[in-house]
Amino acid sequence: QVQLVESGGGLVQAGRSLRLSCAASGSIFSINAMGWYRQAPGKQRELLADITRGGTIKYADFVKGRFTISRDDAKNTVYLQMNSLEPEDTAVYYCSVDSWGGHHYWGQGTQVTVSS
C-alpha cells in the first residue's frame, strides 16, 4: 500500500503560480510512475503529467509550457509547478502513483481556485 498526501493548493489570481507537492509513504519501494491529475466540476478527471522512476516525463498538451513536474526520490515526493494560471485551471488536483505491480493509488486531492 502507498499513501499519498498532497499540499500546496489554494486560491490564486490569474497569471500567478502555485507549486503542489505530494509526499508518498508506505510501500515506496514499489513506486514507478508518479503523476498529477485534475478534475473540474462536471468534468472527467484528466491527466496533467507523469514522471517515471527513470525520469521519463509525459505532459498533456494543454499544460505544456506552463506546468512542470518533478520528483525527489530521496523525499518520496512529486511536485507540480504551475505557472500562468488561468481560471480554467480551477479544479481539484490529485496526485497518483503507479506501482511496479500494476497498482494505482490516489491522494485525497487539493483544491486549486484561480480567480480572474
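Caption draft 1: Spatial organisation of the sheet that holds strand S3 (residues 18–26). The strand order S1-S3-S8-S7 describes an open sheet built from four strands, whose pairing is antiparallel. Looking at the sheet topology across the chains shown, the edges are occupied by strand S1 (2–7) and strand S7 (67–72). Across the sheet, the mean angle from the axis of one strand to that of its neighbour is 15°, orientation sign disregarded. Sheet topology places S7 next to strand S8 (residues 77–82); six bridges connect them, and they run antiparallel. Looking at the pairing, Thr 68 lines up with Gln 81 of S8.

Caption draft 2: Representation of the packing of aromatic side chains in the model. What the rule picks out here adds up to two aromatic pairs. A centroid spacing of 4.8 Å and a plane angle of 70° characterise the contact between Tyr 37 and Trp 106, whose relative ring orientation is edge-to-face. Of this pair, Tyr 37 sits in strand S4 (residues 31–39) while Trp 106 sits in strand S10 (residues 104–106), placing them 69 residues apart in sequence. Overall, the relative accessible area of 36% leaves Trp 106 in the partly exposed class. Site record: aromatic cluster; members linked through ring pairs are Tyr 37, Tyr 94 and Trp 106. When the ring centre of Tyr 94 is taken as origin, the NZ or CZ atom of Arg 45, which lies over that ring, is 3.7 Å away. The ring of Trp 106 has Arg 45 lying over it, and the distance from NZ or CZ to the ring centre is 4.4 Å.

What counts, and where the lines are drawn
Residues numbered from 1 in each chain as written. Predicted model: local features only at pLDDT ≥ 70, side-chain atom pairs only at ≥ 80, totals over all residues. Heavy atoms only, no water. Pairing = 2+ DSSP bridges. Helix = DSSP H or I, 4+ residues; strand = E, 2+ residues; numbered from the N terminus. Axes fitted to C-alpha atoms, helices over the stretch in contact; angles between N-to-C directions. Phe/Tyr/Trp six-rings, centres within 6.5 Å; stacked < 30°, edge-to-face > 60°. Buried < 20%, exposed > 50% of the residue type's maximum accessible area, 1.4 Å probe, protein only. Lys NZ or Arg CZ within 6 Å of the ring centre and 35° of its normal.

Functional significance is not addressed by these values, which are geometric in nature.
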